[in-house]
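Close look at the chain arrangement
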Amino acid sequence: MSIVLGPNQYGKAEVRLVRVDRDTARHRITDLGVTSLLRGDFGATHESGDNTGVIATDTQKNTMHAFARDGVGSPETFLLRLARHFLAAPQVTGGRWLAEQHGWERIAVGDVGHDHAFVRGAAERRTALVHADDAGLTVLAGLRDVTVLKSTGSEFSGFVRDRYTTLPETDDRVLATDVSAWWRYETSFTEAAGPAEYDARFAAVRSILLKTFAELHSLALQQTVFAMGRAVLEAYPDIAEIRLSCPNNHHFLVDLEPFGLDNPGEVFFAADRPYGLIEAAVQRSERAGEHPVWATIGGFV
Ligand SMILES: O=c1[nH]c(=O)c2[nH]c(=O)[nH]c2[nH]1
């Protein structure tokens, strides 16, 4: 028996990159955490410390900074530029480039947003991922922790009742979640899209997810999750599939009877854990199956 090196990748993780576009007095901020991971012919460094082919992780970080000097564009196009650059080295045969974008909003002064003063937005992040392997480049776009709540229009009943079941059925509850999702673009989209198309598509998908959450009368968070994904695929044929992960952020009705008070769905205890966790891939039946990109995502989404 011999011991061999299995799959491996290396690079620089979570480079915090802030780019200020200042071509006019009205500045724009792009705030990214970028990860670059290279795959390829790196046996020698692992087996004998021969670094001849190693592109230092420090160099990968510097490359991000240097490329940002030309502008970031969209996270997807920035990652594609990094991917193509590193793939030009013969020892690099694949890789994974990931970005998480934090939002900054203009500070309102009176009715207008300030030109160069910003307030960091919610926990929500926009995400992008480029995956390269022998089959070529795959682009995922996504979002994380988009916190939403509806104060009615949600039920949960008809579930299994066994000797351990205590949950009452309800026809009116608070439904709250933090939506995280990845969607995979068809090659036809990524070949034609520039920064503006990626930005517009991101905004459109986010808005479909929110609209569906708001408008669907929910009988289960599972139903809401599937409906959100289906609405995205129905709207955009060039999105091949979408994966969603949604915690059920439980809001428990507080029993006010000990205080001689009723509680007609008005006072809740918002528990932070444990939480239900609902995750689903929504796919096109003719092409359902596991694309290799999903193996590069830690967890379901
Ligand atoms: O939408 C829900 N789905 C469940 O599977 C579930 N389970 C539970 O306890 N509450 C809920 N709510």
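As the structure is a computational prediction, the values presented were derived from the model and not from experiment.

1. Points about the overall build of the chain
In terms of regular secondary structure, the chain is built from six helices and 10 strands. Dimensions of the chain, computed from the C-alpha atoms along their principal axes, are close to 75 × 65 × 40 Å. In the chain, which comprises 301 residues, the share counted as buried stands at 43%. Within the chain, contacts between residues at least 6 apart in sequence are counted, and of these 66% link residues at least 24 apart. When the accessible area of the chain is evaluated, it comes to approximately 16400 Å², of which 53% is carbon and sulfur surface. Looking at charge distribution, the chain has the averaged site of its 30 positive side-chain charges lying 5 Å from that of its 40 negative ones.

2. Quick notes on the domain arrangement of the chain
In terms of domain boundaries, the chain breaks down into domain 1 (9-134) and domain 2 (142-301). Across the contact, 18 residues belong to domain 1 and 17 residues belong to domain 2. The three residues of domain 1 that bury the most area against domain 2 are Glu124, Arg126 and Thr127, which together make up 36% of that side's buried surface. A salt bridge links Asp145 to Arg125; the shortest N-O distance between them is 2.9 Å. Where domain 1 meets domain 2, there are seven residue pairs in polar contact (both at pLDDT 80 or more). Those elements giving two or more residues to the side of domain 1 that touches domain 2 turn out to be α3 (75-87), β3 (92-109) and β4 (112-133). When residues in the side of domain 1 that touches domain 2 are grouped by element, the largest group, nine residues, is from β4. Of the residues belonging to the side of domain 1 that touches domain 2, the class tally is six nonpolar, five polar and seven charged.

3. Some words on the sheet that holds strand β2 (residues 28-40)
Pairing within the open sheet is antiparallel, and its eight strands lie in the order β1-β2-β3-β4-β5-β6-β7-β10. The sheet is open, and its two edges are formed by β1 (10-21) and β10 (276-283), each paired on a single side. Going from strand to strand, the sheet's axes swing by 20 degrees on average, the running direction of each strand aside. In this structure, strand β6 (residues 175-185) lies alongside strand β7 (residues 239-248), joined through six bridges in antiparallel fashion. Across the sheet, Tyr185 pairs through a bridge with Ile239, a residue of β7. This element, helix α2 (residues 57-68), spans β1 and β2 of the sheet and lies at about 20 degrees to β1. Sheet strands touched by helix α5 (residues 195-215): β4, β5 (136-150), β6 and β7. Its angle to β5, the strand with the most contacts, is close to 35 degrees.

4. A closer look at the pattern of salt bridges
Under the defined criterion, the tally for this structure stands at 18 salt bridges. The shortest N-O distance in the salt bridge between Glu76 and Arg126 comes to 2.9 Å. With Glu76 in helix α3 and Arg126 in strand β4, this pair connects stretches of sequence that are 50 residues apart. Accessibility expressed as a relative area gives 0% for Glu76, which makes it buried. Look at Arg126 and you get buried, because its relative accessible area is 10%. The residue Glu241 makes a salt bridge to Arg184 at a minimum N-O spacing of 3.0 Å. Linking Glu241 in strand β7 with Arg184 in strand β6, this pair joins segments that are 57 residues apart in sequence. The burial state of Glu241 is the same as that of Arg184; both residues are buried. The network of salt bridges with shared partners includes Arg19, Asp21 and Arg28.

5. Looking at the pairing of β1
Pairing of β1 with β2 involves 10 bridges; the strand directions are antiparallel. When the bridges of β2 are listed, Val18 appears paired with Asp31. Linkage of β1 to β2, two consecutive antiparallel strands, is achieved through a turn of six residues.

Cut-offs applied
Residues numbered from 1 in each chain as written. Predicted model: local features only at pLDDT ≥ 70, side-chain atom pairs only at ≥ 80, totals over all residues. Heavy atoms only, no water. Helix = DSSP H or I, 4+ residues; strand = E, 2+ residues; numbered from the N terminus. Buried < 20%, exposed > 50% of the residue type's maximum accessible area, 1.4 Å probe, protein only. Contact = heavy atoms within 4.5 Å. Areas by Shrake-Rupley, 256 points an atom, 1.4 Å probe, with all protein chains shown as cover. Lys, Arg positive; Asp, Glu negative; His and termini not counted. Charge placed at Lys NZ, Arg CZ, Asp CG, Glu CD. Domains from an automatic or database assignment. Buried area = accessible area lost by both parts, 1.4 Å probe. Salt bridge = Lys/Arg side-chain N within 4 Å of Asp/Glu carboxyl O. Polar contact = N/O pair within 3.5 Å; in protein donor to acceptor, adjacent residues only side chain to side chain. Nonpolar A, V, L, I, M, F, W, Y, C, P; charged D, E, K, R; others polar. Pairing = 2+ DSSP bridges. Axes fitted to C-alpha atoms, helices over the stretch in contact; angles between N-to-C directions.

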